[in-house]
Amino acid sequence: MLRTLLILAISLFPAMASAQGFQVGFGDMQQDSGLPVEVTADSLSVNQNDGSAVFSGNVKIVQGEMRMTANKVNVHYSSAGTVGIARLVAEGDVLLAQGKDIAEAEKAEYSIEDGSVHMSGNVMVLQENTSITADEMTVDLNSNTAEMHGRVKTILRNQ
């Protein structure tokens, strides 16, 4: 009986998820988006005229328990009158890790102001006994939840 229910759940998850979105937990600790952002890369290009910055080559971003890597990251600063980074846009082989959960995609936009990461392009999430793929995913780092959109497929393992 349990096996039948599990098979039914696995076969229905993609259909339900693609129609309405699919919510999962992501990370095991609440992220503090007020913590400093540490960026390491092979090179940095800064445009003093518009205040933009581009990190490229083996980019690694760390903020608290959240880690992100990518080929290139564009830094967008807060609007005039405030100091700090508003968002980071990562492109190329993006990997996001928080706790034991890992997500990868082609592109990710981390909004530091609201503590969310939107990933797109062949998104894959690996968790302890589950893997999920989708077209897009939005992670709320404040609540440790993620919502998957597009064609969602999940594989549940017994072990």
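Thresholds applied
Residues numbered from 1 in each chain as written. Predicted model: local features only at pLDDT ≥ 70, side-chain atom pairs only at ≥ 80, totals over all residues. Heavy atoms only, no water. Helix = DSSP H or I, 4+ residues; strand = E, 2+ residues; numbered from the N terminus. Buried < 20%, exposed > 50% of the residue type's maximum accessible area, 1.4 Å probe, protein only. Contact = heavy atoms within 4.5 Å. Areas by Shrake-Rupley, 256 points an atom, 1.4 Å probe, with all protein chains shown as cover. Core = buried A, V, L, I, M, F, W, Y, C linked by side-chain atoms within 4.5 Å. Pairing = 2+ DSSP bridges. Salt bridge = Lys/Arg side-chain N within 4 Å of Asp/Glu carboxyl O. Polar contact = N/O pair within 3.5 Å; in protein donor to acceptor, adjacent residues only side chain to side chain.

(A) Region of interest: the overall build of the chain. From N to C terminus, the chain includes one helix and eleven strands. For the chain, the proportion of its 159 residues judged to be buried stands at 33%. The contacts of the chain with a sequence gap of at least 6 include a subset with a gap of at least 24, amounting to 42%. If you sum the accessible surface of the chain, you get close to 9,100 Å²; carbon and sulfur atoms cover 51% of it.

(B) Representation of the nonpolar core in the model. Met68, Leu96, Val117, Met119 and Met137 are the most contacted members of the largest nonpolar core, which has 32 residues in total. Elements with a contribution of two residues or more to this core: strand S4 (52-63), strand S5 (66-77), strand S6 (85-98), strand S7 (101-111), strand S8 (116-127), strand S9 (130-140) and strand S10 (145-149). If you tally residues by element for this core, the top one is S5, at five residues.

(C) Spatial organisation of the pairing of S7. For S6 and S7, the ladder comprises ten bridges, and the chain directions are antiparallel. When the bridges of S7 are listed, Gln98 appears paired with Asp101. Between S6 and S7, which pair antiparallel and follow one another directly, the connecting turn spans two residues, one of which, Gly99, has a positive phi of 65 degrees. Alignment of S7 against S8, held across eight bridges, turns out to be antiparallel. Paired with Glu104 across the two strands is Met124, which belongs to S8. Count of turn residues in the S7/S8 antiparallel hairpin: four residues, of which Gly115 carries a positive phi of about 70 degrees.

(D) Layout of the pattern of salt bridges. In total, this model carries one salt bridge according to the counting rule given. Of the charged contacts in the structure, one is a salt bridge between Glu109 and Arg87, with a shortest N-O distance of 3.1 Å. Of the two residues, Glu109 is situated in strand S7 and Arg87 in strand S6; the sequence distance between them amounts to 22 residues. With relative accessibility at 32%, the residue Glu109 sits in the partly exposed group.

(E) Expanded view of the side chain of Asn74. On the secondary structure map, Asn74 appears in strand S5. A distance of 3.4 Å separates the side chain of Asn74 from the side chain of Glu91, its partner in a polar contact. Apart from residues lying up to four places away in sequence, Asn74 is in contact with Ala53, Val54, Arg87, Leu88, Val89 and Glu91.

It is worth stressing that arrangement in space is one thing and function is another; only the former is reported here.
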